[in-house]
Structures are given as structure tokens and as C-alpha cells.
Amino acid sequence: MADEKTYIMLKPDAVKRRLIGEVISRIEKKGYQITQAKLMTLDKIVIAEHYAHLLDKPFYPDLEAFMTSGPVFSMAVEGENVIAGMRQLMGPTNIYEALPGTIRGDYANNMTENIIHGSDSEEAAIIEIKRFFE
Ligand code: DAT
Ligand code: MG
């Protein structure tokens, strides 16, 4: 199977809690390659684009406040079946269902501050890599 690319973001809680190295280590041990990376601070406009599917949710204001609360660490990650593979390493959106051994299962204890974002499809990966690296 041909290599895929995905967009991964370590959210402000991961940066504040000094977990960048820990998460990168898991990605590298899995055998994926980080091909681009940068630390950046996001504004409300880019968060509204990135989470357009959630704008009408009651938790959106908290999500926006969290995502703009400090720097994030953006990465493009490459590997065979990496989009689904990274979602598996991350653990599910509902962190109460995230098992130990997954990134969210090991480090997240509430629904908003859940350490990591990963693209959920090939289309999303292309759009998100463009959004955060161009
Ligand atoms: P994912 O990040 O697993 O792709 P998503 O795209 O549905 O999940 O949601 C984006 C983020 O929004 C998620 O990482 C955390 C927040 N979120 C989602 N559902 C939530 C909920 N029910 N309560 C609070 N925050 C939520
Ligand atoms: Mg998502």
C-alpha cells in the first residue's frame, strides 16, 4: 500500500504539559515519519475553519478558548495507512472510552483538553496540511 500523509496537531495542553517529546516518540516508534513540524499560535479564525463542523455545538466556546490558549505543535506525518493508524494511536474522541495505551487514554482526562488532533480522512489530511503549512 502506498504511503499516506496526515496532519497531526499537539494541542495547547500537550505543549504546556511538556508532552511533545512523549507523543513524537510514540509516532516514531510506530514507524511513521515526521516530514514537517512547527510550533504555532492559532487565532479564532483558523480554529473556526478547522472546527467548522462543530461551530453550532454548545461546547464550541470552550473549544475555541482552549485551542487559542497557547502554542500548538503542528506536524505532517507519513506512512502506510497513517491516517487510520494515527487515529488508533490517538484513541477515540470520547476520552472516557479511550483505553490505556492510547495517547488520549494515557494523558487526557476531559473531553476538551485531549492532547492531539489527527485528520480523519484523506480529503481532510490534504486540506489540513495546506491550512497549517502553507
Ligand atoms: P476528533 O478530535 O477525535 O477528531 P471531533 O473532530 O469530533 O473529534 O471534535 C474535535 C474536538 O472537539 C475534540 O477533539 C474535542 C472537542 N469535542 C468533541 N466532542 C466534544 C464534546 N462532546 N464535549 C466537549 N468537547 C468535545
Ligand atoms: Mg476531528
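Data block above holds the structure.
Nothing here was measured: the structure is a model prediction, and the numbers come from that model.

About the cut-offs
Residues numbered from 1 in each chain as written. Chains lettered and ligands numbered in written order. Predicted model: local features only at pLDDT ≥ 70, side-chain atom pairs only at ≥ 80, totals over all residues. Heavy atoms only, no water. Phe/Tyr/Trp six-rings, centres within 6.5 Å; stacked < 30°, edge-to-face > 60°. Helix = DSSP H or I, 4+ residues; strand = E, 2+ residues; numbered from the N terminus. Buried < 20%, exposed > 50% of the residue type's maximum accessible area, 1.4 Å probe, protein only. Pairing = 2+ DSSP bridges. Axes fitted to C-alpha atoms, helices over the stretch in contact; angles between N-to-C directions. Contact = heavy atoms within 4.5 Å. Near = heavy atom within 4 Å. Polar contact = N/O pair within 3.5 Å; in protein donor to acceptor, adjacent residues only side chain to side chain. Areas by Shrake-Rupley, 256 points an atom, 1.4 Å probe, with all protein chains shown as cover. Nonpolar A, V, L, I, M, F, W, Y, C, P; charged D, E, K, R; others polar. Salt bridge = Lys/Arg side-chain N within 4 Å of Asp/Glu carboxyl O. Core = buried A, V, L, I, M, F, W, Y, C linked by side-chain atoms within 4.5 Å.

Chemist: So, the packing of aromatic side chains: which residues are in play, and what are the values?
Modeler: Evaluated as defined, the whole model comprises 2 aromatic pairs. Ring geometry for Tyr7 versus Phe132: centroids 4.6 Å apart, planes at 5 degrees, classification stacked. Here the residue Tyr7 occupies a position in strand 1 (residues 3-10), and Phe132 occupies one in helix 7 (residues 122-133), the gap between them amounting to 125 residues. Each member of the pair Tyr7 and Phe132 is classed as buried. Between the aromatic rings of Tyr7 and Phe133, the centroid separation amounts to 6.3 Å while the plane-to-plane angle is 75 degrees, which identifies the pairing as edge-to-face. Of this pair, Tyr7 sits in strand 1 while Phe133 sits in helix 7, placing them 126 residues apart in sequence. A connected cluster of aromatic rings, assembled from ring pairs, spans Tyr7, Phe132 and Phe133.

Chemist: Break down the sheet that holds strand 1 for me, with residues and values.
Modeler: Backbone hydrogen bonds are what pair the strands of a sheet, in a parallel or an antiparallel way. Spatial strand order, 2-3-1-4: 4 strands in an open sheet with antiparallel pairing. Unpaired on one side and paired on the other, strand 2 (33-40) and strand 4 (116-118) mark the two borders of the sheet. Strand after strand, the sheet turns through a mean of 20 degrees between neighbouring axes, direction not considered. The strands touched by helix 2 (residues 20-30) within the sheet are strand 1, strand 2, strand 3 (72-80) and strand 4, with strand 3 carrying the most contacts at an inclination of about 10 degrees.

Chemist: Mind laying out the site of ligand 1, listing which residues take part and the relevant values?
Modeler: Within the structure, ligand 1 sits among Lys11, Tyr51, His53, Leu54, Phe59, Leu63, Arg87, Thr93, Arg104, Met111 and Asn114. A distance of 3.0 Å separates an oxygen atom of ligand 1 from a polar side-chain atom of Arg104. Within the side chain of Asn114, an N or O atom sits 2.7 Å from an oxygen atom of ligand 1. In the complex, the protein chains occlude 81% of the 510 Å² of accessible area that ligand 1 would expose alone. Partitioned by chemical class, the residues of the shell around ligand 1 number 5 nonpolar, 3 polar and 3 charged.

Chemist: Give a description of the environment of Ile47 that names residues and reports values.
Modeler: Here Ile47 lies in helix 3 (residues 44-50). Residues Ile47 and Ser121, 74 residues apart in the sequence, show an inter-C-alpha distance of 18 Å.

Chemist: Let's hear about the pattern of salt bridges: which residues, and what values?
Modeler: All chains considered together, the criterion is met by 3 salt bridges. Two residues, Arg26 and Glu22, come together in a salt bridge whose shortest N-O distance is 3.1 Å. Residue Arg26 and its partner Glu22 are both found in helix 2; the two are separated by 4 residues, about one turn of the helix. Overall, the relative accessible area of 32% leaves Glu22 in the partly exposed class. Arg131 serves as the salt-bridge partner of Glu49, at 3.2 Å between the closest nitrogen and oxygen. Remark: Arg131 occurs in helix 7 and Glu49 occurs in helix 3; sequence separation between them is 82 residues. Using a relative accessible area of 45% as the deciding quantity, one classes Glu49 as partly exposed. Put simply, Glu22, Arg26 and Asp106 are held in one network by salt bridges that share partners.

Chemist: Tell me about the nonpolar core, and name the residues and values.
Modeler: With 24 residues, the main nonpolar core has Ile8, Leu10, Ile27, Met75, Met86, Ile115 and Ile116 as its most contacted residues. Looking at this core, the elements that each hand over two or more residues are strand 1, helix 1 (12-16), helix 2, strand 3, helix 5 (82-90) and helix 6 (103-107). Here this core takes 5 residues from helix 5, the largest share from any one element. With residues up to four places along the chain from it excluded, the contact list for Ile8 reads Ile27, Phe73, Ser74, Met75, Val77, Met86, Ile116, His117 and Gly118.

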